[in-house]
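Read off the chains here:
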Amino acid sequence: MTKIAATRESMTFRNAFIGQAQEPTDSEVTTALGAAKARWDQLVAELTGEHKLTREWNSYSIKAGWALRLKRESRNIVYLSPSQGGFMASFALGDKAMLAARAGKFPRHVMKIIAEAKRYAEGSAVRIVVSGPEEVAVVERLTEIKLEN
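Treat the numbers as computed from the prediction; the structure is a model and nothing was measured.

The rules behind the values
- Just so you know, the residues in each chain are numbered from 1, in the order the chain's sequence is written.
- Given that the model is predicted, a residue must reach a pLDDT of at least 70 before its local features are reported, and side-chain atom pairs must reach 80 or more before they are shown or counted; all residues, however, enter totals for whole chains, interfaces and linings.
- Each side-chain value is worked out from all heavy atoms of the structure, with water and hydrogens disregarded.
- Strands are runs of DSSP state E lasting at least 2 residues, helices are runs of H or I lasting at least 4, and numbering of each runs from the N terminus.
- The reference for a compact globule is 2.2 Å times residues^0.38; the radius of gyration itself is calculated from the C-alpha atoms.
- The buried label goes to any residue with under 20% of its type's maximum accessible area, the exposed label to any with over 50%, and the partly exposed label to all in between, with areas taken from a 1.4 Å probe on protein chains only.
- Contacts between residues were defined by any pair of non-hydrogen atoms, one from each residue, lying within 4.5 Å.
- Residue burial considers only the protein chains on display, and all accessible areas are found by Shrake-Rupley using a 1.4 Å probe.
- In this text, buried Ala, Val, Leu, Ile, Met, Phe, Trp, Tyr and Cys residues form a nonpolar core when linked through side-chain atoms within 4.5 Å.
- Here, the arc refers to the directions that run from the helix axis to the C-beta atoms.
- Each pair of aromatic rings taken from Phe, Tyr and Trp, with Trp reduced to its six-membered ring, is defined by centres within 6.5 Å and is described as stacked if the planes are under 30 degrees apart, edge-to-face if over 60, and tilted in the remaining cases.

Caption draft 1: Broad picture of the overall build of the protein chain. A count of helices and strands for the protein chain gives six helices and six strands. Tracing the protein chain from N to C terminus, the helices and strands come up as α-α-α-β-β-β-β-α-α-β-β-α. Here the C-alpha radius of gyration of the protein chain, 15 Å, is about what a compact globule of 149 residues would show, namely 15 Å. Each principal axis of the C-alpha distribution contributes one length, and for the protein chain these read about 40 × 40 × 30 Å. Each of the 149 residues in the protein chain was classed as buried or not, and the buried ones make up 43%. A fraction of 59% describes how many contacts in the protein chain between residues 6 or more apart in sequence connect residues 24 or more apart. Accessible surface computed for the protein chain: about 8300 Å², of which carbon and sulfur atoms make up 52%.

In structure tokens form, the structure reads like this:
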């Protein structure tokens with residue numbers, strides 16, 4: 001197993017803003033993300049620019065923490081949840097989007113995540129921990145798939 005794969009598999013995600021009642025400030029997000037802030041900024045800029053998604057901080061409960069919801073009109077596309085030193089991108093993919101994702105040419109670890117995604121009423125939950133540029137490209141492609149389906 002490569003060092004990158006081992007890091008991906010061992011990285012436990014914990015939202016950086018669990019227990020926080022107010023949406024995080026830019027300064028708090030920067031502090032939490034650390035070196036991953038550049039990837040966060042790149043991804044948010046590309047998704048809001050190229051795909052014309054709007055940004056909105058969201059928290060379902062103080063126990064869950066905060067996520068940046070990127071959406072088109074009233075349709076939720078992806079949630080970006082900050083952690084210490086990284087972040088997670090979460091999608092709810094419908095049946096057509098899941099078929100497209102399964103047919104996609106993603107790295108093996110992403111194909112495993114897609115194959116094992118739990119199905120909910122809103123769609124299948126696909127969660128990608130973004131730890132490097134490879135995952136940024138995966139999130140961009142999954143966003144395209146979600147928008148197309």
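There is more to say after this.
Caption draft 2: Structural detail: the nonpolar core. One finds W40, L80, F91, L93, I114, V126 and L142 to be the most contacted residues of the largest nonpolar core, which totals 37 residues. The element best represented in this core is helix 6 (residues 133–148), accounting for six residues.

Caption draft 3: Structural detail: helix 2 (residues 26–33). Inspection of helix 2 places V29, A32 and L33 among the buried residues, and these make up the whole buried set. Angular distribution of buried residues about the axis of helix 2 spans 90°; they occupy a single face of the element. Away from its buried face, by an angle of more than 90 degrees, helix 2 presents the exposed residues S27 and T31. Buried residues along helix 2 sit in contact with helix 3 (37–50), strand 1 (54–58), strand 3 (75–83) and strand 4 (86–93). Directly after helix 2, the chain includes G34, whose backbone phi takes a positive value near 60°.

Caption draft 4: Region of interest: unusual backbone geometry. The backbone of K52 sits at a positive phi, close to 55°, despite the residue not being glycine. Here K52 lies in the loop between helix 3 and strand 1. Assessed through its relative accessible area of 62%, K52 is described here as exposed. Phi is positive for E73, which is not a glycine, with a value near 55°. Following the sequence through the fold, E73 ends up in the loop between strand 2 (67–72) and strand 3. E73 sits in the exposed class, given a relative accessible area of 74%.

Caption draft 5: Structural view of the packing of aromatic side chains. Tallied over the full model, the rule gives three aromatic pairs. Ring geometry for W40 and W57: centres 6.1 Å apart, planes at 20°, overall stacked. Remark: W57 occurs in strand 1 and W40 occurs in helix 3; sequence separation between them is 17 residues. For the pair W40 and W57, one class covers both residues: buried. Centre to centre, the rings of Y60 and Y79 are 6.3 Å apart; their planes meet at 50°, and the pair counts as tilted. With Y60 in the loop between strand 1 and strand 2 and Y79 in strand 3, this residue pair connects regions lying 19 residues apart in the sequence. Of the residues examined, Y60 reaches a relative accessible area of 64% and is grouped as exposed. An aromatic cluster is present here, built from W40, W57 and F87 joined pairwise through their rings.

Remember, this is a structural readout, not a statement about activity or role.
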